[in-house]
Amino acid sequence: MKKLSLLLLITTSAFASLSSPFPSTVKGITINNTHSVGSFNKIYRGQAPLGKIEQLSRFGITDILIFKNQTKNEIDQEYAEISDKGLEHIQTKQIDFLWHKYPSYKESCEQLIDGLKLMKEVDSSKERKLFLHCTVGEDRTGTLSGLWRMLSQKWSMKRAFYYEMCENGYGHGNGNKPFYVYNEI
């Protein structure tokens, strides 16, 4: 039992920084796991941009979708950073999407649909750009990005799963992610 507790502590510590090991593929943004999700460079996904929200503003991001529930005070910190930097022009929406222990499948589906509606709204606009994220930009963000690719670009489920999810850390695709996280997924 002590070995298991120690292993869990070591694994949890390795993931404690809650940072994706995947670098950004978007020039001008250093937020890990940032990638374009679409053909018109209007929708981007990545990990939480704490401490780097100004990069998003300089890049022309007009909307942020926080696709997660607050577990500590990280969402409050993000809103405070937006306010402190005078970036209130960035429209921010938060959907309380959980990564495990869903209240109901119906609620989860409705939350996914809400996220997809915002993506469609931004994609249909000429002036707007969206950055969506959860904590590390892997599981919840990967799910929403994969669904978006399937619906907007007619990607197959297999292609969306591989390129938007697995390649960007979904499940146990991130070697730093502890078992208790990807086991839930």
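Provided above is the structure to which this section pertains.
Per chain, residues are indexed from 1 in the order of the written sequence. Totals for whole chains, interfaces and linings use all residues, but because this is a predicted model, local features are given only for residues with pLDDT of at least 70 and pairs of side-chain atoms are given and counted only at 80 or more. Side-chain measures were taken over the full set of non-hydrogen atoms in the model, leaving aside hydrogen atoms and water.

A. Focus on the packing of aromatic side chains. Only the six-membered ring of Trp is used, alongside the rings of Phe and Tyr, when aromatic pairs are assigned; centres must lie within 6.5 Å, and planes under 30 degrees apart are stacked while those over 60 apart are edge-to-face, with the rest tilted. On inspection of all chains with the given rule, the structure shows 4 aromatic pairs. Between F67 and F97, the ring centres sit 4.5 Å apart and the planes meet at 10°, which makes this aromatic pair stacked. Linking F67 in strand β3 (residues 63-67) with F97 in the loop between β4 (91-95) and α4 (105-124), this pair joins segments that are 30 residues apart in sequence. Of the two residues, F67 and F97, neither departs from the other in class, the shared state being buried. By the ring-pair criterion, three or more aromatic residues cluster together here, those being W155, Y162 and Y163. The criterion is that NZ of a Lys, or CZ of an Arg, lies within 6 Å of the ring centre and within 35 degrees of the ring normal, and then a charge sits over that ring. A cation sits over an aromatic face here: K129 above F59, 4.4 Å from the ring centre. Put simply, DSSP marks the helices as runs of H or I at least four residues long and the strands as runs of E at least two long, and each gets a number from the N terminus on. Burial classification: accessible surface area is computed with a 1.4 Å probe over protein chains only, and a residue below 20% of its type maximum counts as buried, one above 50% as exposed, and the rest as partly exposed.

B. Broad picture of the pattern of salt bridges. In the sections that follow, a salt bridge refers to a side-chain nitrogen of Lys or Arg positioned within 4 Å of a carboxyl oxygen of Asp or Glu. In this structure the tally under the stated criterion is 7 salt bridges. The residue E54 makes a salt bridge to K85 at a minimum N-O spacing of 3.6 Å. Of this pair, E54 sits in helix α2 (residues 53-59) while K85 sits in the loop between α3 (74-84) and β4, placing them 31 residues apart in sequence. Two residues, E74 and K68, come together in a salt bridge whose shortest N-O distance is 2.6 Å. Just as E74 is buried, K68 falls in that class too. In this structure, a network of salt bridges that share partners links the residues R45, R149 and E164.

C. Summary view of unusual backbone geometry. At N41, a position not held by glycine, the phi torsion is positive, near 50°. Inspection of the secondary structure assignment puts N41 in the loop between β1 (35-36) and β2 (43-46). In this model, K154 sits at a positive phi of 60°, which is unusual for a non-glycine residue. K154 sits in the exposed class, given a relative accessible area of 66%.

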